[in-house]
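# Overview (structure and organization)
Chain by chain, the residues run as shown.
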Amino acid sequence: MNFKTNVNGLAEAIHYLYADFSIINECDFIDYRVSLMRAGGLRRWIAPYMTVVAEGTSMFSKFPVNAAIPYWEWGLNRCIARFAQHYLILHAAVIEKHGNALMIVGSSGSGKSTLCAGLTFNGWRLLSDELALVSTEDHCITALARPITLKNESLKIIQQLGSHVKTGPVSHGTVKGTVAHVRPPTDSVDRVNERATPGWFVLLSYQPDAEIQLEPVTKAQAVMQIAHNAFNYGTLGVDGFKSLTQVVDTCDCYNLTYSNLDEAIALFNGDQFAIKNNVELHEAI
Amino acid sequence: MPDLQWRLRNQDELVTWRSNDETVVYDAGSGDTHLFDLVAAEGLNSLLESQLTEQEFVERLANRLDIKPDEQLHRYVGRLIEQLEAAGLLETADS
Amino acid sequence: MEFSDHILLQVLRDPEKMATLSLSEWDALKPLARSTLVISKIAALAHKLDLLDLLPEQIVPHLTSAHVFAARHDRAVRWEVNRVQRALRDVNTPIILLKGAAYAISNMACATGRVYGDTDILVLKDRLGEVENSLTRHGWDTDEDNEYDERYYRTWLHELPPMRHRERGTVLDVHHNILPRIDKLQINIQLLFESAIPINGTKVCVLSPPDMVLHSAAHLFRIGNFDHGLRDLADLDELIRQFNNLDGFWDSVLDRAQQLKLTLPWYSATRYVEYLFHTPIPDRVKRTVAKWAPLWPEVPIIDRLVKRAVLPRKIDDRDVRRQMAISLLGHWPLPRLKVTMTGLFWIKRMPWFAKQEKT
């Protein structure tokens with residue numbers, strides 16, 4: 001990736017959040033060129049705005065100047081969702097243990113990122129907090145190990161996990177409220193080229209004060225919900241349908257309702273999610 | 001109109017996947033994905049065999065499910081036809 | 001270096017050249033092809049000519065992604081036409097598909113690898129009310145939640161405000177003419193309806209070959225819509241190549257251009273399509289069309305604007321000069337003075353009315 005910006009402080013924030021990634025000084029081929037720029041001229045002061053452009057294509061055409069870091073991350077999500085259609089891209093957090101991927105599917109506000117972050121700092125490897133990149137050839141999942149985006153109350157909950165949780169600058173008053181990002185653990189970044197075999201799908205709903213409840217869901221129902229929550233299931237057409245049904249077929253699928261993160265962490269670190277298959281770890285394609 | 005012949009719009013574009021008692025159908029024409037329970041799946045299978053009037057549909061489905069073609073089944077088939085037509089899976093034979 | 005020697009144009013003219021490009025040439029080409037919406041055309045050509053194995057492995061996933069994306073668009077536009085046909089089955093009007101939808105449904109060469117935005121249809125003006133009502137009953141809503149925009153479309157353009165389908169999210173543009181009312185030039189649209197070609201005996205039609213190429217020319221050089229200029233000129237190149245061998249095609253185009261008073265757009269279209277894509281145009285046609293050139297200094301000015309508009313010079317940031325060129329081309333035949341005297345015309349252009357994007 002190549003990144004360019006004229007916004008003060010953004011490069012430093014990105015260096016902090018992506019500290020464990022390598023910087024390549026020269027490269028013949030760059031997969032994605034992304035820039036986040038503040039408008040110039042008169043618009044620097046009058047109704048100022050910023051834009052995110054990826055590969056010469058607008059990702060966000062106008063957004064407020066106080067939200068550079070969140071829009072950088074959201075812009076990168078859009079870039080991948082738009083230009084990496086050689087994967088089946090599900091709207092799911094993905095974490096891994098013993099080579100098996102746990103995919104947490106849920107819409108905004110379902111507690112997906114909170115649960116993902118909680119498990120990432122309690123024994124699971126982070127692949128992604130938002131995008132499950134599923135190979136249409138062998139159905140393994142490619143890791144991104146990018147920072148985890150947290151909003152509002154989730155941010156406080158995850159910071160309480162300990163001082164080893166490093167968060168970047170906080171942005172207030174964005175369209176999604178207060179947003180900040182958690183640096184991915186070094187181990188997750190070091191292992192970014194290790195892919196994972198699908199193991200479980202968890203369809204998430206967050207309910208305040210609810211008792212934790214994990215219930216099996218039929219694979220057909222899971223297909224319908226996951227398809228609804230995929231970025232490019234429709235784009236892939238028949239191949240998307242075949243890939244998704246084949247992936248779901250190999251997984252155990254559940255509905256999960258929770259309100260307490262510690263209870264959820266205990267559940268996923270229990271016997272039910274210890275190991276699913278004996279798997280070989282696959283290198284990224 | 002009871003004598004209308006109903007048929008699947010393009011059964012070559014349908015891809016199905018069965019898991020236990022449920023069937024998921026992908027329509028490559030519309031790009032839509034549909035979940036069919038056991039009874040609706042038998043309805044779909046009835047239509048895969050040939051185009052049917054509503055009455056014929058009721059009788060064939062009753063036969064497949066080994067039940068009597070009663071008033072409840074008539075209403076069910078009426079609703080199913082409406083849903084399938086709105087979803088673009090079904091059309092009249094003169095379309 | 002001559003502008004038309006640009007690597008992207010070379011690849012579009014001669015796809016086999018892809019196999020000779022280095023990794024860094026692909027690195028430069030990829031974002032340009034993406035931003036001008038021709039990467040999926042390049043991907044389609046790579047598949048068709050079986051070149052993928054000859055290309056650097058790093059570019060292959062990007063071309064695959066673009067190929068998948070275009071296939072989806074093709075399916076979606078065909079389905080959209082199916083749904084529109086269903087929605088309008090009881091309205092007594094032919095439905096002429098325009099631009100991309102027409103290319104897809106007629107399986108034209110230029111449909112391969114094309115990405116589509118809105119679906120454009122042309123209907124009889126006096127059926128517009130019925131059309132709108134039927135579409136609304138079948139799930140479409142007017143997209144403009146700004147009252148000014150809605151009035152602007154209905155009063156001064158040649159279409160209903162864009163209609164978005166509630167479930168599919170797709171956008172349908174319903175036109176009753178091919179040029180806006182704000183244009184001084186008014187086309188006798190009845191002529192287009194009379195020559196339209198039905199698809200499979202239904203009321204869904206496409207324009208006749210001369211009208212199709214003239215419409216493409218008018219879209220670029222009368223309406224002046226250069227947002228996707230390179231792709232639209234590439235389409236026109238392929239349309240001309242496809243129709244080139246039809247008996248009487250060129251004479252029909254020349255006659256029709258004069259009949260519809262689209263001689264100047266046709267002059268411009270042939271000039272630039274030949275320059276960029278080396279489209280084969282018979283000499284006798286070029287001699288006739290040359291007489292339709294505008295007076296100096298318009299031609300060198302438009303030359304510069306078109307070159308600026310079709311290819312971005314900057315990828316990382318807004319190419320302001322390109323945007324200006326696109327904007328100038330869009331206003332070249334100026335709207336009628338009385339339109340610019342209305343508040344509607346200016347309110348629509350105020351940046352404060354622009355919507356913020358959702359994440």
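The coordinates are above.
A short tour of the structure in this document, coming up. (Residues numbered from 1 in each chain as written. Chains lettered and ligands numbered in written order. Predicted model: local features only at pLDDT ≥ 70, side-chain atom pairs only at ≥ 80, totals over all residues. Heavy atoms only, no water.)

### Re the overall build of chain C
Scanning chain C from N- to C-terminus turns up 17 helices and 7 strands. The 359 residues of chain C split such that 54% are buried. When the accessible area of chain C is evaluated, it comes to approximately 16,300 Å², of which 51% is carbon and sulfur surface. (Helix = DSSP H or I, 4+ residues; strand = E, 2+ residues; numbered from the N terminus. Buried < 20%, exposed > 50% of the residue type's maximum accessible area, 1.4 Å probe, protein only. Areas by Shrake-Rupley, 256 points an atom, 1.4 Å probe, with all protein chains shown as cover.)

### A short note on the packing of helix α14 (residues 298-310) of chain C against helix α15 (residues 320-330) of chain C
All names here are of chain C. The geometry of α14 relative to α15 is characterised by a closest axis approach of 8 Å and an angle of 125° between their N-to-C directions. The orientation of α14 with respect to α15, classified from their angle, is oblique. The chirality of how α14 crosses α15 is left-handed. Residue-level inspection shows I302, L305, V306, R308, A309 and V310 of α14 in contact with α15, the latter providing R321, R322, A325, I326, L328 and L329. Partitioning the contact of α14 with α15 into residue classes produces 9 nonpolar, no polar and 3 charged. (Axes fitted to C-alpha atoms, helices over the stretch in contact; angles between N-to-C directions. Parallel < 35°, antiparallel > 145°, perpendicular 65-115°, else oblique. Left-handed = near helix turned anticlockwise from the far one by under 90°. Contact = heavy atoms within 4.5 Å. Nonpolar A, V, L, I, M, F, W, Y, C, P; charged D, E, K, R; others polar.)

### Re the pairing of strand β6 (residues 100-105) of chain A
Residues and elements named next belong to chain A. Burial analysis of β6 places 6 of its 6 residues in the buried class, which makes it a mostly covered element. In terms of strand pairing, strand β5 (residues 87-97) meets β6 through 6 bridges, oriented antiparallel. Bridging across to β6, V94 finds its partner in M103. Where β5 folds back on β6, the antiparallel hairpin that results is connected by 2 residues, among which H98 adopts a positive phi of roughly 55°. Sheet topology places β6 next to strand β14 (residues 197-206); 6 bridges connect them, and they run parallel. Within β14, the residue paired with N100 across the bridge is T197. (Pairing = 2+ DSSP bridges.)

### Focus: the interface of chain B and chain A
Interfaces are often described in size by the accessible area the parts lose on coming together. Taken together, the contact between chain B and chain A spans 11 residues of the former and 14 residues of the latter. Contact with chain A buries surface across chain B, with B:W17, B:E22 and B:Y26 losing the most and accounting together for 51% of the total. Taken together, the links from chain B to chain A amount to 0 salt bridges. Where chain B meets chain A, there are 3 residue pairs in polar contact (both at pLDDT 80 or more). When residues of the side of chain B that touches chain A are traced back to their parent elements, those giving at least two are β2 (14-19), β3 (22-27) and β4 (32-36) of chain B. (Buried area = accessible area lost by both parts, 1.4 Å probe. Salt bridge = Lys/Arg side-chain N within 4 Å of Asp/Glu carboxyl O. Polar contact = N/O pair within 3.5 Å; in protein donor to acceptor, adjacent residues only side chain to side chain.)

### Considerations on the sheet that holds β2(B)
Residue and element names in this part refer to chain B. Strand order across the open sheet formed by 3 strands is β2-β3-β4, with antiparallel pairing between neighbours. Edge positions in the sheet fall to β2 and β4, since each has one partner strand and no second. For this sheet the average axis-to-axis angle between neighbouring strands, irrespective of direction, equals 20°. For β2 and β3, the ladder comprises 6 bridges, and the chain directions are antiparallel. Bridge pairing in β3 places S19 opposite E22.

### A word on the sheet that holds strand β6 (residues 197-198) of chain C
Residues and elements named next belong to chain C. Taken together, the 7 strands give an open sheet; going across it, the order is β3-β4-β5-β2-β1-β7-β6, and neighbouring strands pair in mixed fashion. The open sheet terminates on both sides in strands that have one partner only, identified here as β3 (140-142) and β6. Strand direction decides the pairing type here: β3 and strand β4 (residues 163-165), joined by 3 bridges, are antiparallel. When the sheet's bridge partners are listed, D141 is paired in β4 with R164.

### Re the interface of chain A and chain C
Contacts between the two partners involve 36 residues from chain A, matched on the other side by 28 residues from chain C. Interface area, chain A with chain C, both sides summed: about 2,800 Å², of which 53% is carbon and sulfur. Put simply, A:E55 and C:K30 hold a salt bridge, and the shortest N to O gap is 2.8 Å. Every element with two or more residues in the side of chain A that touches chain C is listed here: β2 (33-38), β4 (57-63), α2 (68-83) and α7 (233-249) of chain A. Along the lines of polarity and charge, the residues of the side of chain A that touches chain C split into 17 nonpolar, 9 polar and 10 charged.

### Comments concerning the nonpolar core
With 112 residues, the main nonpolar core has C:L8, C:W26, C:I42, C:F226, C:L233 and C:W266 as its most contacted residues. Aside from chain neighbours lying at most four places away, what touches C:F226 is C:L220, C:F221, C:L233, C:V306, C:A309, C:V310, C:I326 and C:L329. Counting residues in hydrophobic clusters, the runner-up holds 38 residues, among them A:L88, A:A101, A:A230 and B:A28. (Core = buried A, V, L, I, M, F, W, Y, C linked by side-chain atoms within 4.5 Å.)

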